[in-house]
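Below, each chain spelled out in residue letters.
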Amino acid sequence: MTKITVDHLGRGAFVYIRQSTADQLLNNPESRRRQYGLSDRARQLGWTAVELIVFCGLVGTVIVDEDGIYDPRHPNDRLLLGMKGTMSELELSLFRQRSQEALKQKARRGALFLSVAAGYVRAGRDRIEKDPNQRVQEALSLVFAKFSELQSVRQVHVWLRAEGIALPVACHRAAEGRSIVWRLPLYNTVHNILTNPVYAGAYAFGRTMSKVSVKDGRKRVERGLRRPQSEWDVLLKDQHEGYITWSEFERNQRAIANNATGKGSAVTGAVRRGELLLAGLLRCGHCGRKLYVGYGGKAGRYYCQGALVNHGTERCISFGGLRADNAVGTEVLRVLKPLGIDAAVKALAAQTGETSAAQRQLDLALQEAHFAAAHARRQYDAVDPVARQSG
């Protein structure tokens, strides 16, 4: 029985008994034995937990709804219940199908916005545009500028936290509607900004999916699982003004993917801790796999053990890192020496730029606080003095 899998056997087996009249119980014992024998059949197939479910007509149960009362022991009532149940199920299925298709059709036009990302506001019913708040725009632009410089989501996150720079987060409340709140960013906040195509001026729909499984006898739904870009339902470029270009977005996604250390030999990998200079940058000249680094004794070593791990064969190569690192370091210094002064000047300029960007965010936050205080003061002054005193 190839159709029965381990997953099936992990669930319970239920035998549905349909006999519903006393006459059947007395005069049709073979049918009854055959149905109850299905529980033994289920155990033979591998199930251990088998339960019997008896039709409600056997105990004289009646079913009541808005239209009437039905007795499952009466053939006409059973027929009507079956027809109503089938039609209701079909009707619900059609409603669901039509509503989902309507949403997809609107999404294909780029006009479906279930929510709007921070940095954008609705412009009419089917368009979005940049948030006119200058602080919001500059904060998001700063995230992309720092990633262009640091090429690491983690490093951008650390820098923002170290500088005390808050990022805008879209907040939805039933009473107040959509609003923007400012929070020190979590790693996921920075990652979501850098991987959301909306900031590249694109409209995307169907970037995530849900997966249904049964665990411990209960239905489990995992939502928000990311799908590869090739499987997105809709991707429309140049739909609105972006914070970066589409080519920059694609370049950022490649950098983020390459920073995923330990995700196989196809990625470059982020720089890890250790003294060796070329960790994560070298590949085996025999099999093409990425070289590992190991530390022991006075110096580390580079070695290839991909074939050993995957196929149980011997390691391809292994060599000390001291000579290789010295050769590469000497060559790098030779090439960079004429550029030393220029590099120092640029480093100072970059440091000044970072300070200016952080200061700019603080200035904008202070301006917003002054505006909010002045607005509150005007509202307070507009209230009748007598009402203020009585309050």
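Caption draft 1: Representation of helix α3 (residues 29–44) within the structure. End to end, α3 covers 23 Å across 16 residues, agreeing with the expected 22 Å (1.5 Å per residue, within 8%). For α3, the principal kink sits at Leu-38 and spans about 25°. Taken as a whole, α3 has its buried residues at Gln-35, Ser-39 and Ala-42. Downstream of α3 by a residue or two, Gly-46 has a phi angle that is positive, lying close to 120°.

Caption draft 2: Representation of the nonpolar core in the model. Of all hydrophobic cores here, the largest spans 36 residues; its most connected members are Val-143, Leu-160, Val-190, Leu-194 and Tyr-199. Secondary-structure elements contributing two or more residues to this core are α5 (134–150), α6 (153–163), α7 (187–195) and α8 (246–258). Sorting elements by how many residues they give to this core places α5 first, with 7 residues. Every residue in contact with Val-143, bar those within four places of it in the chain, is listed here: Val-156, Leu-160, Leu-167, Val-190, Ile-193 and Leu-194.

Caption draft 3: View of the packing of aromatic side chains. Enumeration according to the criterion identifies 7 aromatic pairs in this entry. Note on Tyr-120 and Tyr-243: the rings are 5.6 Å apart at their centroids and 90° apart in plane angle, and the pair reads as edge-to-face. With Tyr-120 in strand β5 (residues 120–122) and Tyr-243 in the loop between β12 (234–236) and α8, the pair connects residues that are 123 residues apart, well separated along the chain. Taking relative accessible area as the criterion, Tyr-120 reaches 1% and is therefore assigned buried. Overall, the relative accessible area of 12% leaves Tyr-243 in the buried class. Measuring from ring centre to ring centre gives 5.5 Å for Tyr-302 and Phe-319, while their planes differ by 35°; the resulting arrangement is tilted.

Caption draft 4: Geometry of the sheet that holds strand β14 (residues 299–303). The 3 strands are arranged β13-β14-β15 in an open sheet whose pairing can be described as antiparallel. Two strands bound the open sheet, and with one partner strand each, they are β13 (292–296) and β15 (318–320). For this sheet the average axis-to-axis angle between neighbouring strands, irrespective of direction, equals 25°. Here helix α10 (residues 321–336) sits on the sheet in contact with β14 and β15, set at roughly 65° to β15.

Caption draft 5: Up close: α10. A rise of 1.5 Å per residue sets the reference length of α10, with its 16 residues, at 22 Å; its end C-alpha atoms lie 22 Å apart and thus fit the reference within 8%. Restricting attention to buried positions, one finds in α10 the residues Gly-321, Asp-325 and Gly-329. Projection of α10 onto a plane perpendicular to its axis shows the buried side chains occupying an angular sector of 50°, all on one side. The exposed residues of α10 that point more than 90 degrees off its buried face are Arg-323, Ala-327, Thr-330 and Arg-334. Buried residues in α10 make contact with β14 and β15.

Caption draft 6: Region of the structure containing the packing of α6 against α7. One can describe the packing of α6 onto α7 by two numbers: an axis separation of 9 Å at closest approach and a directional angle of 125°. Looking at the two axes, α6 sits oblique to α7. In this structure, α6 crosses over α7, and the sense of that crossing is right-handed. Contacts from Val-153, Arg-154, Val-156, His-157 and Leu-160 in α6 reach Tyr-187, Val-190, His-191 and Leu-194 in α7. Residue composition of the contact of α6 with α7, grouped by class: 6 nonpolar, 2 polar and 1 charged.

Caption draft 7: Broad picture of a nonpolar patch on the surface. Nonpolar side chains collect at one region of the surface, where Leu-277, Val-328, Val-332, Val-335 and Leu-336 lie side by side and expose about 390 Å² of accessible area between them. With respect to the helices and strands, the residue Val-332 is situated in helix α10.

Caption draft 8: A look at the pairing of strand β10 (residues 208–215). Summarising the sheet, β10 and strand β11 (residues 218–226) pair through 7 bridges and their orientation is antiparallel. Paired with Ser-213 across the bridge in β11 is Arg-220. Linking β10 back to β11 in an antiparallel pair, the connection comprises 2 residues, with Asp-216 at a positive phi of about 55°.

Scoring rules and cut-offs
- Residues numbered from 1 in each chain as written.
- Predicted model: local features only at pLDDT ≥ 70, side-chain atom pairs only at ≥ 80, totals over all residues.
- Heavy atoms only, no water.
- Helix = DSSP H or I, 4+ residues; strand = E, 2+ residues; numbered from the N terminus.
- Expected span 1.5 Å × (residues − 1).
- Bend = angle between axes of the 7 residues up to and from the residue.
- Buried < 20%, exposed > 50% of the residue type's maximum accessible area, 1.4 Å probe, protein only.
- Core = buried A, V, L, I, M, F, W, Y, C linked by side-chain atoms within 4.5 Å.
- Contact = heavy atoms within 4.5 Å.
- Phe/Tyr/Trp six-rings, centres within 6.5 Å; stacked < 30°, edge-to-face > 60°.
- Pairing = 2+ DSSP bridges.
- Axes fitted to C-alpha atoms, helices over the stretch in contact; angles between N-to-C directions.
- Arc of directions from axis to C-beta.
- Parallel < 35°, antiparallel > 145°, perpendicular 65-115°, else oblique.
- Left-handed = near helix turned anticlockwise from the far one by under 90°.
- Nonpolar A, V, L, I, M, F, W, Y, C, P; charged D, E, K, R; others polar.
- Patch = residues over 30% accessible without salt bridge, like charges linked within 9 Å, V, L, I, M, F, W, Y side chains within 5 Å.
- Areas by Shrake-Rupley, 256 points an atom, 1.4 Å probe, with all protein chains shown as cover.
- Salt bridge = Lys/Arg side-chain N within 4 Å of Asp/Glu carboxyl O.

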